[in-house]
Amino acid sequence: DSNNGKYSIKLDENYTFASSGDYIVRIILKDKAGNESTASYTITVSSVKSNTPASLTMLSTVLIIVGVLLIIGVVVYLIRFRKRKEN
């Protein structure tokens, strides 16, 4: 209860929507005397593209393969260059 007689309630509820779209959130307040007040809000939920563990694993695998191929290419180049220089 605040000094001006208004109440404040904090809800710690989390909800995950199944898909993106517009949703109506309805709040219904009742007091002990049975008086009721309703407020409705429309919220828009949009999907966010995120990096899932599977895509991160795929990316790291590709980067490792590219790195190994790059190292092999450098080693092969150095061996060929050294052989040409000695001749």
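Residues numbered from 1 in each chain as written. Predicted model: local features only at pLDDT ≥ 70, side-chain atom pairs only at ≥ 80, totals over all residues. Heavy atoms only, no water.

**Description of the overall build of the protein chain**
The helix and strand tally for the protein chain stands at 1 helix and 2 strands. Of the regular secondary structure in the protein chain, the N- to C-terminal order runs β-β-α. Out of the 87 residues belonging to the protein chain, those deemed buried represent 0%. Put simply, 18% of the contacts in the protein chain that link residues at least 6 apart link residues at least 24 apart. Approximately 8900 Å² of the protein chain is accessible, and the part contributed by carbon and sulfur atoms is 59%. (Helix = DSSP H or I, 4+ residues; strand = E, 2+ residues; numbered from the N terminus. Buried < 20%, exposed > 50% of the residue type's maximum accessible area, 1.4 Å probe, protein only. Contact = heavy atoms within 4.5 Å. Areas by Shrake-Rupley, 256 points an atom, 1.4 Å probe, with all protein chains shown as cover.)

**With respect to the pairing of strand β2 (residues 36–45)**
Sheet topology note: the strand β1 (residues 21–30)/β2 ladder contains 10 bridges and is antiparallel. Of the residues in β2, the one forming a bridge with R26 is S40. Taking the residues that link successive antiparallel strands as the turn, the β1-β2 hairpin has 5 residues, and the phi of G34 there is positive, at about 95°. (Pairing = 2+ DSSP bridges.)

**A word on the environment of K30**
When you line up the elements, K30 lands in strand β1. Setting aside chain neighbours within four positions, we find K30 in contact with N35 and E36.

**Considering a nonpolar patch on the surface**
Taken together, the side chains of I64, I65, V68, L69, I72 and V76 present a nonpolar region at the surface, about 550 Å² in accessible area. For I72, the position within the fold is in helix α1 (residues 53–86). (Patch = residues over 30% accessible without salt bridge, like charges linked within 9 Å, V, L, I, M, F, W, Y side chains within 5 Å. Salt bridge = Lys/Arg side-chain N within 4 Å of Asp/Glu carboxyl O.)

**Details of the confidence of the model for the protein chain**
Per-residue confidence for the protein chain gives a mean pLDDT of 77, with 75% of residues at or over 70. The weakest mean pLDDT in the protein chain belongs to α1 at 81; the strongest belongs to β2 at 86. (pLDDT = per-residue confidence, 0-100.)

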